[in-house]
Amino acid sequence: MRRARRKRPFHLQFRRMQAIIGAFICIAVFLYLVQRNVSYQPRSRLLEPADQDLLSEEIPEQEAECLILWQDDASGLSGLAMMESVLGQMKIPYDTCEGIQMEPEHLAAYETVILSMTQYNLLGDRLLDILDWTESGGGLLILYPPDGNGSFQSIAPQLGIQSLGSSMAVVEGLHFVGPLMIGGQEKDYKITDPYESSLMAVLDSDCEVYLESDDEAKVPLIWKKNQGEGTIVVNNMGFLEKAYRGFYSASYSLLQDVCAYPVINASIFYIDDFPSPVPGGESNYIQEDYGMNISDFYTQVWWNDVYNLGKEYGIRYTGLVIEQYSDQVEGEFQRNEDTQRYRYFGNMLLGAGGEIGFHGYNHMPLCLLGFEYGEEYESYRLWPSYEDMRASITELAGFCAELFPEERFRVYVPPSNILSEEGREMLSREMEDLAAIASIYFPGTVEYEQEFDVGEDGIINTPRVISGYVLDDYMQIAALSELNFHYVNSHFQHPDDVLDVDRGAALGWEELFHRLSDYVEWLYEAAPDIRTLTGTEMAGAVQRYDAIGVEREWSEGRLVLNLTNFLDEAWFFVRVNEGTPGTVTGGTLTQVQEGLYLLEAWQEQVEIEILQ
Ligand SMILES: [Zn+2]
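S.K.: Tell me about the overall build of the chain, and name the residues and values.
M.R.: A tally of regular secondary structure across the chain gives 13 helices and 28 strands. Counting all 612 residues of the chain, 56% fall into the buried class. Per element, the accessible surface of the chain, about 27000 Å² overall, is 47% carbon and sulfur. Averaging the locations of the 39 positively and 99 negatively charged side chains of the chain gives two centres separated by 19 Å.

S.K.: Got a sec to walk through the coordination of the zinc ion? Specific residues and values, please.
M.R.: In this structure, Asp273 (OD), His359 (NE2) and His363 (NE2) serve as the protein donors to the zinc ion, at separations of 1.9 to 2.1 Å. Positions of the donor residues of the zinc ion, expressed as sequence spacing, correspond to D-x85-H-x3-H. Judged by relative accessible area, which is 15%, His363 ranks as buried.

S.K.: Can you tell me about helix H13 (residues 535-547), naming the residues and giving the values?
M.R.: Given a rise of 1.5 Å per residue, 13 residues ought to cover 18 Å, and the 18 Å separating the end C-alpha atoms of H13 matches this to within 8%. With 12 of 13 residues buried, H13 lies mostly within the body of the structure. Turning to H13, its buried residues number three or more, namely Gly535, Thr536, Glu537, Met538, Ala539, Gly540, Ala541, Val542, Gln543, Arg544, Tyr545 and Ala547.

S.K.: Please set out the side chain of Thr318 residue by residue, giving values where relevant.
M.R.: Secondary-structure assignment places Thr318 in strand S14 (residues 318-322). Given the relative accessible area of 0%, Thr318 is considered buried. Polar contacts involving the side chain of Thr318 include one to the main-chain amide nitrogen of Gly535, which spans 3.0 Å. Not counting residues within four places of it along the chain, the set of residues in contact with Thr318 comprises Ile268, Phe269, Tyr270, Ile271, Glu355, Thr534 and Gly535.

S.K.: Tell me what's going on with the domain arrangement of the chain, and back it up with residues and numbers.
M.R.: When the domains of the chain are assigned, the result is domain 1 (66-257), domain 2 (270-542) and domain 3 (548-611). For domain 2 and domain 3, the distance between their C-alpha centroids amounts to 36 Å. For the domain 2 face of the interface with domain 3, the top three residues by lost area are Tyr487, Asp529 and Arg531, together amounting to 74%. The tally of links from domain 2 across to domain 3 stands at 1 salt bridge. Linking domain 2 with domain 3 are 1 residue pair in polar contact (both at pLDDT 80 or more), by the criterion used here.

S.K.: Explain the sheet that holds strand S27 (residues 596-601) to me, and be specific about the residues and the numbers.
M.R.: In space, the 4 strands of this open sheet follow the order S12-S24-S27-S26, with antiparallel pairing throughout. A strand with exactly one partner marks an edge of an open sheet, and here the two such strands are strand S12 (258-263) and strand S26 (587-593). Going across the sheet, the axis of each strand differs from the next one's by a mean of 25°, ignoring polarity.

S.K.: Tell me what's going on with the confidence of the model for the chain, and back it up with residues and numbers.
M.R.: Mean pLDDT over the chain works out to 93, with 94% of the residues at or above the 70 mark. In the predicted structure, residues 1-7 sits below a pLDDT of 50 and forms 0 contacts with residues beyond four places in sequence or in another chain.

S.K.: Hey, could you go over the packing of helix H11 (residues 473-485) against helix H12 (residues 509-526) for me, with residue numbers and the actual values?
M.R.: Taken N-terminus to C-terminus, the directions of H11 and H12 make an angle of 25°; their axes are 12 Å apart at the nearest point. By the angle between their directions, the pair H11 and H12 is classed as roughly parallel. Crossing hand, H11 versus H12: right-handed. Touching Ala479, Leu480 and Leu483 of H11 are Tyr519, Trp522, Leu523 and Ala526, all from H12. Among the residues making up the contact of H11 with H12, the classes are represented as 7 nonpolar, no polar and no charged.

S.K.: Which residues make up the environment of Pro145, and what are the values?
M.R.: Looking at where Pro145 falls in the secondary structure, it is placed in the loop between strand S4 (139-142) and helix H4 (151-155). Sequence spacing of Pro145 and Met200 is 55 residues, and the spatial spacing of their C-alpha atoms is 9.8 Å. What Pro145 contacts, discounting residues up to four positions off in sequence, is Met168, Ser197, Ser198, Leu199, Asn235, Asn236, Met237 and Gly238.

S.K.: Quick rundown of the sheet that holds strand S22 (residues 549-555)? Include the residues and the values.
M.R.: Pairing is antiparallel in the open sheet, where 4 strands are placed in the order S22-S23-S28-S25. A single partner strand is all that each edge strand has here, and the edge strands are S22 and strand S25 (580-585). Neighbour-to-neighbour, the strand axes of the sheet open up by a mean angle of 20°, direction not taken into account.

S.K.: Requested: an account of empty space enclosed by the protein, with residues and values cited.
M.R.: All told, the structure shown has 3 cavities of 30 Å³ or more when counted by the stated rule. The volume enclosed by the largest cavity comes to roughly 60 Å³. Around the largest cavity, the lining residues are Pro262, Val263, Ile264, Ala541, Arg544, Tyr545, Ile548, Glu569, Ala570, Trp571 and Phe572. In the lining of the largest cavity, the residues fall into 9 nonpolar, no polar and 2 charged.

S.K.: Can you break down the pairing of strand S1 (residues 66-70) residue by residue, with the values?
M.R.: When you tally the buried positions in S1, you get 5 out of 5 residues, the bulk of the element. With burial as the criterion, each face of S1 is covered, one bearing Cys66, Ile68 and Trp70 and the other bearing Leu67 and Leu69. With 5 bridges connecting them, S1 and strand S3 (residues 112-116) associate as parallel partners. The partner of Leu67 across the bridge, within S3, is Val113. Bridging between S1 and strand S2 (residues 94-98) involves 5 bridges; their strand directions are parallel. Each residue of the ladder has a partner; that of Trp70, found in S2, is Glu98. You can see the chain leave S1, run along helix H2 (residues 74-90) and come back into S2, and the turn it takes is right-handed.

Parameters and conventions
Along each chain, numbering runs from 1 in the same order as the chain's sequence is written. Given that the model is predicted, a residue must reach a pLDDT of at least 70 before its local features are reported, and side-chain atom pairs must reach 80 or more before they are shown or counted; all residues, however, enter totals for whole chains, interfaces and linings. The basis for every side-chain value is the complete set of non-hydrogen atoms in the structure, without hydrogens or water. Labels follow the DSSP assignment, with helices taken as runs of H or I lasting at least four residues and strands as runs of E lasting at least two, numbered in each case from the N terminus. A simple rule labels every residue: compare its accessible area, found with a 1.4 Å probe on the protein chains alone, to the largest value its type can have, and call it buried under 20%, exposed over 50%, or partly exposed in between. The Shrake-Rupley method, run with a 1.4 Å probe sphere, supplies the accessible areas, and residue values consider only the shown protein chains as cover. Under the counting rule used here, the positive set is Lys and Arg, the negative set is Asp and Glu, and His together with the chain ends is not counted. Every charge is mapped to an atom, namely NZ of Lys, CZ of Arg, CG of Asp or CD of Glu. Keep in mind that water is not among the atoms, so a site may look incomplete; donors are the N, O and S atoms within 2.8 Å of the metal, or 3.2 Å for Na, K and Ca. Here, expected helix span is obtained from the residue count minus one, scaled by 1.5 Å. Here a polar contact means two N or O atoms within 3.5 Å. Within protein one must be a hydrogen donor candidate and the other an acceptor candidate, and residues neighboring in sequence count only if both atoms are side-chain atoms. Between two residues, a contact is recorded if the distance between any of their heavy atoms is within 4.5 Å. A domain assignment, automatic or from a database, supplies the domain bounds used here. When two components associate, each loses some accessible surface as probed by a 1.4 Å sphere; the sum of these losses over both components is called the buried area. Each salt bridge in this description consists of a side-chain nitrogen of Lys or Arg and a carboxyl oxygen of Asp or Glu lying within 4 Å of one another. Any two strands between which DSSP finds at least two bridges are classified as paired. Axes here refer to lines fitted to C-alpha atoms; in helices the fit is confined to the stretch in contact. Angles between the N-to-C directions go from 0 to 180 degrees. Each residue carries a pLDDT value, the predictor's own confidence for that position, ranging from 0 to 100. Any angle that is under 35 degrees is reported as roughly parallel, and any over 145 degrees as roughly antiparallel; angles of 65 to 115 degrees are reported as roughly perpendicular and all others as oblique. For any pair of crossing helices, the crossing counts as left-handed if the nearer helix is rotated counterclockwise from the farther one by less than a right angle, and right-handed if it is rotated clockwise. In the scheme used here, Gly and all other residues not listed as nonpolar or charged are polar, with Ala, Val, Leu, Ile, Met, Phe, Trp, Tyr, Cys and Pro taken as nonpolar and Asp, Glu, Lys and Arg as charged. Definitions used for this entry: grid spacing 1 Å over protein atoms alone; cavity, a set of points where a 1.4 Å probe fits but cannot get out; pocket, an open set with protein on both sides within 12 Å along at least 5 of 7 lines; lining residue, one with an atom within 4 Å of a point. Grid points are joined across faces, edges and corners, and a volume is the space filled by probe spheres set on the points. When the strands point away from the viewer and the path from the first strand over the helix to the second turns clockwise, the crossover is right-handed.

Right, dumping it as structure tokens:
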């Protein structure tokens, strides 16, 4: 039976109304405050850059493990430069020698030899000495496909080659057959601008093929063959450029029973020009797809998607502030008083554990009169003096400190990735808190190219590897390469990528966001253990990586790593080609792929038992 409802007295109804109105007002005030100023609790960083003095112990001289034999031609020299960078950063001691100068009796001093040569004829009988040395336990890396005629043909059977085609193969895509690089087997990779790069080889069945072309021909691209007591690895790719370093570090790591090399272990996502003033007006692409202006699109769609993607994967974005978009390069730099959106976006970013760094008072790179931009950046103005550059950055620092008083601003990203030596000097002298400059990893025309290292001025170089939403074939290879070489993902995006036809605007935001999401999904599936860091934390990681010295002792099933400049952390990739790891002391080992492990060192000496 339903109970009859008693009519409420009027004063009770009125109170109820009051409560509802009150609640509405509270919500309205709350929403207003959220828009105006999302508050956040400052968090401590996972990793801070250390005092450089703590990392400056001299690294003991070591006997070279590897000998690079090179030829004085274009490919030979590219291969030499590539492997000097790769081995240098893997901290593997090496010597170099022009192939025609090699003294066979010196081979005995090395564990590995890399052949960066095009004409093996030049080696004469030395070629047989190298094969004998391999037979008795050496590790030989054929770095790139040499001239297939003459001497090479005569040793091809020892490299596992059954027959060689008469022409070179055009490799248009890569397919991983075996576990060599993390993230490799998840998908195939397309080659941008393919050419006749690789030997058309048919291999013996006792070769272990890791990588081949993704077409019918299945051209073998990286393979390993045991030769007597030794090992031969052939890299038949022929792409001797920075974007492929990870393919070469991986090839090298197959040569011995065990190979351990330091990595950075960091995944980072930067958002350039964020926060910054929203471009006025409308974009056809945005208007057509979403029926809103750019400002509303940024708040309601773009940031919402990017923010939620970050939440899903634990990404803590590093945003780089632009105070305004003038081309002013002298005079008094006025404070931008229109700060509502800065506070809204900035505090949300910080609230999610992100970080804010400097990009510029405006978007004029820090280059003085006389600097040559080239045609691409014709509209950029040059700064008349050091003092003007300094004044603009001082204003930016004041602006950021006013907006985000709890923050330290430790990362600088140069506008358009362009920075002059004078600009860098100004930053290092005037910005006391500055820890890192994050420009770009790959060479461009005038862009400021970096390696992951520490500059002589003490500022840490934390270059960005890939960018934008299109994430084309080349970027996917570069990402794979760096994930395996440095165990790094470093990506930057701009809000206005969505408006720029060259950066994919015509594809529409839905497709662009889909591509970014696909990339992030690939990354964290391939490397679920990678650390997601912000700009300052990345600087701390790169600084420790750059400083670490490693001496390897390998005997009787035990790998011992003796570290110099070990402060509080060090990370390594350890490839175990023979046996499996047993007890580890001084660190922890996590398998990241069959035969490949991530080592976290806890102390100066780490010992890994390898069970046969
Ligand atoms: Zn920018």
